[in-house]
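# Survey of secondary and tertiary structure
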Amino acid sequence: MGNLLAGKKGIISGALNSESIAWKVAERCVEEGAQIVLTNAPVAMRMGEINGLAEKCNAPVIGADATSIEDLEQLFTRSMEHFGGKFDFVLHSIGMSVNVRKGKAYTDLNYDWMQKTYDVSAISFHKMMQTMWKLDAINDWGSVVGLSYIAAQRVFPDYSEMAESKALLESIARSFGYHYGTAKKVRVNTISQSPTMTTAGQGIKGFMDFFNYADKMSPLGNASAEGCANYCVMLFSDLSRFVTMQNLYHDGGFSSMGMSPSLIEQ
Ligand SMILES: NC(=O)c1ccc[n+]([C@@H]2O[C@H](COP(=O)([O-])OP(=O)(O)OC[C@H]3O[C@@H](n4cnc5c(N)ncnc54)[C@H](O)[C@@H]3O)[C@@H](O)[C@H]2O)c1
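Heads up: these notes are all about the structure in this document. Remember, it's a predicted structure, so these values are computed and weren't measured experimentally.

## Let's talk about the overall build of the protein chain
Helix and strand counts for the protein chain come out as 11 helices and 6 strands. Taking 2.2 N^0.38 as the reference for a compact globule, 266 residues should give roughly 18 Å; the C-alpha atoms of the protein chain span a radius of gyration of 18 Å, in line with that estimate. Seen through its C-alpha atoms, the protein chain measures out along the principal axes to roughly 55 × 40 × 40 Å. When the 266 residues of the protein chain are sorted by exposure, 45% land in the buried category. For the protein chain, contacts bridging at least 24 residues in sequence account for 72% of all contacts bridging at least 6.

Have a look at this one:
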């Protein structure tokens, strides 16, 4: 591959293990010449797998609960110390549903848990950007990307309250994208990714069924985590400078399909 991110510096959240989408993004960004800082919730870091990635990427790991402003302030401040200045790109790759985890049906949600789900999965995206905004932490023409799923637009019953979380995440990308674009030429987008075999993905009931269904429904098949990493590299690079406030489908064509004759045959 080339050197698309030569001289660029970025922060990558959400690498839990080698299945994580963020893990592949970190590897690809470094292959393309970027310097990175890795971050995850302290509880996830205790599992220790991220240290192997950090070594491979020659990157420090700075723990931060993405719902805590204090943690985010120290994440971005310490990252700027490490980089010797501002940075150029940020990946938000964070999602968790308390009601899904605890097996609560969509028609019987616990609303305290739902608030927690929104805070972790969507409001944390706003918190990250607001904290970076106040610290003036991103260079002009920087790029911020969050990861979404098509349940924001269509009904996937087992995705439960994560559907509303993704709708909120995508809306935050548009709204903050306006402010960041106007003031700083920073772009903000979400990628709507195919179902992907990761810890978060497989936490959804019936995941294998909708993974296989989406794979058959998509003319190109499901987009892999590696494919998503390539797309992130493009969005962090200077080749996508005027793309902002978009929800970008990275799904092998799934979002444009109505019906698939081959699926019906099966
Ligand atoms: N796997 C899929 O099918 C799929 C499809 C579309 C979008 N996505 C999205 O991709 C993103 C990454 O998920 P993944 O599939 O790689 O799974 P993953 O489980 O590997 O990653 C989720 C990450 O969120 C982190 N996290 C949870 N709570 C946190 C907190 N309070 N602070 C900081 N980090 C926290 C976890 O530690 C973990 O690293 C999520 O937003 C997910 O919704 C996943």
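## Description of the nonpolar core
Grouped together as the largest cluster of nonpolar side chains are 58 residues, with contacts concentrated most on Ile12, Ala26 and Ile36. Among the elements that take part in this core, helix α10 (residues 225–236) stands out by supplying 7 residues, more than any other. Ignoring any residue separated from it by four or fewer positions in sequence, one finds Ile36 in contact with Gly10, Ile11, Ile12, Ala26, Cys29, Val30, Cys57 and Ala59. Counting 12 residues, the second-largest nonpolar core is a separate cluster that includes Ile150, Ala163, Met217 and Phe254.

## Here's the deal with the site of the ligand
Near the ligand lie 27 residues; those nearest to it are Ser20, Ala44, Gly95, Ala200 and Gly201. For the shell around the ligand, the elements supplying multiple residues, two or more each, are α1 (21–31), β4 (138–148) and α8 (199–202). Among the residues making up the shell around the ligand, the classes are represented as 13 nonpolar, 13 polar and 1 charged.

## So, the sheet that holds strand β3 (residues 87–92)
The strand order β2-β1-β3-β4-β5-β6 describes an open sheet built from 6 strands, whose pairing is parallel. A single partner strand is all that each edge strand has here, and the edge strands are β2 (35–39) and β6 (247–250). Neighbour-to-neighbour, the strand axes of the sheet open up by a mean angle of 20°, direction not taken into account. Pairing between strand β5 (residues 187–193) and β6: 4 bridges, direction parallel. Looking at β6, one finds that Ser192 is bridged to Tyr249.

## Looking at helix α3 (residues 50–57)
Listed in full, the buried residues belonging to α3 are Ile50, Leu53 and Cys57. Each buried residue of α3 lies within a common arc of 60° when the element is viewed along its axis, so the set occupies one face. Exposed side chains of α3 directed beyond 90 degrees from the buried face belong to Asn51, Gly52, Glu55 and Lys56. Elements in contact with the buried residues of α3: α1, β2 and α2 (42–45). Directly beyond the C-terminal end of α3, a positive phi value near 50° is found at Asn58.

## With respect to the pairing of strand β1 (residues 9–13)
Here is the key point about a regular strand: its side chains alternate between the two faces of the sheet. The element β1 is extensively covered by neighbouring structure, given that 5 of its 5 residues are classed as buried. In this sheet, β2 lies alongside β1 in parallel orientation, the contact comprising 5 bridges. Pairing of Gly10 across the sheet is with Ile36, part of β2. After leaving β1, the chain enters α1 and then returns to the sheet as β2, a path that is right-handed.

## Some points on the packing of helix α4 (residues 69–83) against helix α6 (residues 111–135)
For any two helices packed against each other, the geometry is given by the interaxial angle and the distance between the axes. Contact geometry of α4 with α6 gives a least axis separation of 10 Å together with a crossing angle of 50°. Here α4 is positioned oblique relative to α6, judged by the angle of their axes. For the element pair α4 and α6, the recorded crossing hand is right-handed. On α6, the residues touching Ile69, Leu72, Glu73, Phe76 and Thr77 of α4 are Lys127, Met128, Thr131, Met132 and Leu135. Its residues assigned to classes, the contact of α4 with α6 shows 6 nonpolar, 2 polar and 2 charged.

## Considering unusual backbone geometry
Keep in mind that most residues, glycine aside, have a negative phi and that most peptide bonds are trans. One non-glycine residue, Asn58, lies in positive phi territory at about 50°. Within the secondary structure, Asn58 is located in the loop between α3 and α4. For Ser160, which is not a glycine, the phi torsion comes out positive at approximately 50°. Within the element layout of this structure, Ser160 appears in the loop between β4 and α7 (162–184).

## Comments concerning the pairing of β5
The buried fraction of β5 is high, at 7 of 7 residues. Going residue by residue along β5, you find Arg187, Asn189, Ile191 and Gln193 tucked away on one face and Val188, Thr190 and Ser192 tucked away on the opposite face as well. In this structure, β4 lies alongside β5, joined through 6 bridges in parallel fashion. Counted as the bridge partner of Ser143 is Arg187 from β5.

Parameters and conventions
Residues numbered from 1 in each chain as written. Predicted model: local features only at pLDDT ≥ 70, side-chain atom pairs only at ≥ 80, totals over all residues. Helix = DSSP H or I, 4+ residues; strand = E, 2+ residues; numbered from the N terminus. Rg over C-alpha atoms; globule rule 2.2 N^0.38 Å. Buried ≥ 20, exposed ≤ 12 C-beta atoms within 10 Å, placed from the backbone. Contact = placed C-beta atoms within 7 Å. Core = buried A, V, L, I, M, F, W, Y, C linked by C-beta atoms within 7 Å. Near = placed C-beta within 6 Å. Nonpolar A, V, L, I, M, F, W, Y, C, P; charged D, E, K, R; others polar. Pairing = 2+ DSSP bridges. Axes fitted to C-alpha atoms, helices over the stretch in contact; angles between N-to-C directions. Arc of directions from axis to C-beta. Right-handed = clockwise from strand over helix to strand, strands pointing away. Parallel < 35°, antiparallel > 145°, perpendicular 65-115°, else oblique. Left-handed = near helix turned anticlockwise from the far one by under 90°.

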